[in-house]
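Chain and residue survey
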Amino acid sequence: MIQTPTIFDRLVLKAAEQIPRGKITTFGEVAKALGDVRAARAVSISVLRDVKSRGGPWHRFVASDGSLGAMAGKKRELLLSEGIPIINSRIRDLERFLVKADEIDVPPILLKMRLAQKKLRERVVLEDRLEEVDLAAGVDVAYGLYRGLEVGYAACVVVDSKLDRVGFKTVRMETTFPYVPTYLAFREMPFIAASTKGIQFDLLLLDGHGIAHPERVGEACHAGLVFGKPSIGVAKSILVGKVVDSVIMHKGEKIGYLVRKEGQSPAFVSPGHLVSLETSRSIVEKFWGRYKQPKPLVLAHEIAKKLKRGDVPPTIDLLHEGG
DNA sequence: GCGACAG
DNA sequence: ATCTTGTCGC
Ligand SMILES: [Mg+2]
């Protein structure tokens with residue numbers, strides 16, 4: 001009957017155990033203890049999901065401005081009973097009751113993940129090491145809640161140079177890590193690996209950035225390196241930098257291109273691995289269909305959603321039915 | 001309240 | 001990404 005929280009959820013729970021009655025902490029402080037404030041939202045989502053599905057600890061977590069966040073009514077009641085002063089839906093003298101990041105004993109996993117990214121970055125090759133590109137694979141993942149678990153539905157679709165779909169594979173499995181900005185690869189790599197396993201392709205297209213990432217190692221770089229395959233990232237919005245004349249610039253570096261087809265919203269293209277900046281743009285244009293993304297990604301997105309809806313069964317089902 | 005951070 | 005019907009705007 002015990003559900004299976006992810007590593008991230010377990011660490012948030014471990015942090016929760018360290019907040020005594022009469023004290024509070026913020027989602028951001030816990031995120032900092034885990035290694036990056038960017039995970040603040042992921043912490044709040046984890047806490048909320050945990051109290052709803054397992055009745056876990058939740059009321060001693062508040063927002064950094066002292067506001068209470070979700071389920072404010074009940075939270076207010078519980079905190080007041082523990083001696084925390086609340087005025088106008090905000091904690092008064094937050095500092096006085098706050099348990100800060102350095103007082104929370106949890107492993108800094110996000111710091112380690114960042115180090116792993118920096119290590120991977122050294123191996124990224126931004127030169128064309130690809131021969132003919134006939135088969136382009138695109139992967140996308142849809143997410144949903146199933147019996148208190150967060151489940152991902154991945155689809156890998158292979159398209160040939162005539163833009164005909166020549167194969168696909170789908171996978172259903174539990175999520176292992178939340179979405180945290182700049183760490184997307186750690187959330188989606190298990191799905192990318194499972195859905196491409198045993199599939200033949202020359203190039204991998206992913207729904208996210210390549211080098212257009214603060215550390216220059218977006219999801220497309222990460223996956224390309226792990227598989228030793230050419231890869232390109234095609235995102236629907238910017239993560240870092242700004243667009244100047246259809247070029248994505250960041251810290252004085254050219255990191256990608258804005259590609260747009262008539263009447264469509266733009267796509268942001270950046271190389272992942274074994275492909276140059278210029279070639280990444282031309283290849284993506286070569287596989288462009290009639291939508292706002294290259295065809296393999298459009299199809300992968302559609303199939304992933306159908307899978308989630310239950311319209312089609314997964315090729316591989318890795319979901320452990322609890323009970 | 002605004003800015004804003006792939007999916 | 002997800003929650004979701006009718007409604008607003010180009
Ligand atoms: Mg996606």
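Cut-offs and rules
Residues numbered from 1 in each chain as written. Chains lettered and ligands numbered in written order. Predicted model: local features only at pLDDT ≥ 70, side-chain atom pairs only at ≥ 80, totals over all residues. Heavy atoms only, no water. Helix = DSSP H or I, 4+ residues; strand = E, 2+ residues; numbered from the N terminus. Rg over C-alpha atoms; globule rule 2.2 N^0.38 Å. Contact = heavy atoms within 4.5 Å. Lys, Arg positive; Asp, Glu negative; His and termini not counted. Charge placed at Lys NZ, Arg CZ, Asp CG, Glu CD. Donors = N, O, S within 2.8 Å, 3.2 Å for Na, K, Ca; no water. Buried < 20%, exposed > 50% of the residue type's maximum accessible area, 1.4 Å probe, protein only. Axes fitted to C-alpha atoms, helices over the stretch in contact; angles between N-to-C directions. Parallel < 35°, antiparallel > 145°, perpendicular 65-115°, else oblique. Nonpolar A, V, L, I, M, F, W, Y, C, P; charged D, E, K, R; others polar. Pairing = 2+ DSSP bridges. Right-handed = clockwise from strand over helix to strand, strands pointing away. Expected span 1.5 Å × (residues − 1). Phe/Tyr/Trp six-rings, centres within 6.5 Å; stacked < 30°, edge-to-face > 60°. Salt bridge = Lys/Arg side-chain N within 4 Å of Asp/Glu carboxyl O. Near = heavy atom within 4 Å. Polar contact = N/O pair within 3.5 Å; in protein donor to acceptor, adjacent residues only side chain to side chain. Domains from an automatic or database assignment. Buried area = accessible area lost by both parts, 1.4 Å probe.

1. Some points on the overall build of chain A
- Looking only at helices and strands, chain A features ten helices and 14 strands.
- Taking 2.2 N^0.38 as the reference for a compact globule, 323 residues should give roughly 20 Å; the C-alpha atoms of chain A span a radius of gyration of 22 Å, in line with that estimate.
- Overall, the C-alpha framework of chain A stretches about 70 × 50 × 40 Å when taken along its three principal axes.
- When contacts within chain A are restricted to residue pairs at least 6 apart in sequence, long-range pairs at least 24 apart make up 67% of them.
- Charged side chains of chain A number 49 positive and 38 negative; the gap between the two group centres comes to 4 Å.

2. Examining the coordination of the magnesium ion
- Surrounding the magnesium ion are the protein donor atoms Asp140 (OD) and Asp207 (OD), which sit 2.1 to 2.2 Å from the metal. Of this pair, Asp140 sits in strand E5 (residues 136-146) while Asp207 sits in the loop between strand E8 (203-206) and helix H8 (219-227); the two residues are 67 residues apart in sequence, bridging distant segments of the chain. When sorted by exposure, Asp140 lands in the same class as Asp207, which is buried.

3. What to know about the packing of helix H1 (residues 7-17) against helix H3 (residues 40-54)
- Between H1 and H3, the shortest axis-to-axis distance is 10 Å and the interhelical angle comes to 85°. Taken together, H1 and H3 sit at an angle that is classed as roughly perpendicular. Residue-level inspection shows Phe8, Asp9, Val12 and Leu13 of H1 in contact with H3, the latter providing Ala42, Val43, Ser46, Val47 and Asp50.
- Residue composition of the contact of H1 with H3, grouped by class: six nonpolar, one polar and two charged.

4. A look at the pairing of E8
- On E8, burial covers both faces: Leu203 and Leu205 on one face and Leu204 and Leu206 on the other are all buried.
- As paired strands, E5 and E8 are joined by four bridges and run parallel to one another. Paired with Ala136 across the two strands is Leu203, which belongs to E8.
- Taken together, the three bridges between E8 and strand E9 (residues 231-235) define a ladder with parallel strand orientation. Bridge pairing links Leu206 to Gly233 in E9.
- Considered for its hand, the β-α-β crossover made up of E8, H8 and E9 is right-handed.

5. Concerning helix H10 (residues 295-309)
- If you check H10, its first and last C-alpha atoms are 21 Å apart, about what 15 residues at 1.5 Å a residue would give, namely 21 Å.
- Within H10, burial applies to Pro296, Leu297, Val298, Leu299, Ala300, Ile303, Ala304 and Leu307.
- Buried residues in H10 make contact with E5, strand E6 (149-159), strand E7 (165-174), E8 and E9.
- A positive backbone phi angle near 85° is found at Gly310, which sits one or two residues after H10.

6. Considerations on the packing of aromatic side chains
- Across all of its chains, the model carries four aromatic pairs by this definition.
- Each ring, one from Phe27 and one from Phe61, has its centre 6.2 Å from the other, and the planes form 10°; the classification is stacked. Taken as a pair, Phe27 in helix H2 (residues 27-34) and Phe61 in strand E2 (residues 61-62) lie far apart in primary sequence, 34 residues in all. Assigned by exposure class, Phe27 and Phe61 land together as buried.

7. Focus on the pattern of salt bridges
- For the coordinates displayed, the defined rule picks out 22 salt bridges.
- The partner of Arg114 in a salt bridge is Asp36, with the nearest N and O atoms 3.8 Å apart. Placement of Arg114 in helix H6 (residues 109-121) and of Asp36 in the loop between H2 and H3 is noted, with a sequence separation of 78 residues between them. Each member of the pair, Arg114 as well as Asp36, is classed as buried.
- Among the ionic pairs, Glu215 bridges to Arg114, the shortest N-O distance being 3.9 Å. Of the two residues, Glu215 is situated in the loop between E8 and H8 and Arg114 in helix H6; the sequence distance between them amounts to 101 residues.
- Its relative accessible area of 8% is what places Arg114 among the buried residues.

8. Points about the protein's contact with DNA strand B
- Lining the immediate surroundings of DNA strand B are 18 residues, of which Tyr179, Pro181, Asp207, His209 and Lys236 lie closest.
- The contact atoms of DNA strand B, taken as those within 4 Å of the protein, divide so that sugar and phosphate hold 49%.
- His209 is positioned such that a nitrogen or oxygen atom in its backbone is 3.0 Å from a base nitrogen of DNA strand B.

9. As for the domain arrangement of chain A
- You can read the domains of chain A as domain 1 (7-107) and domain 2 (135-317).
- Centre-to-centre separation of domain 1 and domain 2, based on C-alpha positions: 34 Å.
- Facing eight residues of domain 1, the contacting portion of domain 2 comprises eleven residues.
- The contact between domain 1 and domain 2 buries some 730 Å² in all, and 62% of this surface belongs to carbon and sulfur atoms.
- Together, Phe8, Arg38 and Arg49 form the three largest contributors to the area buried by domain 1 at its contact with domain 2, with a combined 61%.
- Linking domain 1 with domain 2 are one salt bridge, by the criterion used here.
- Among the ionic pairs, Arg49 bridges to Glu150, the shortest N-O distance being 3.6 Å.

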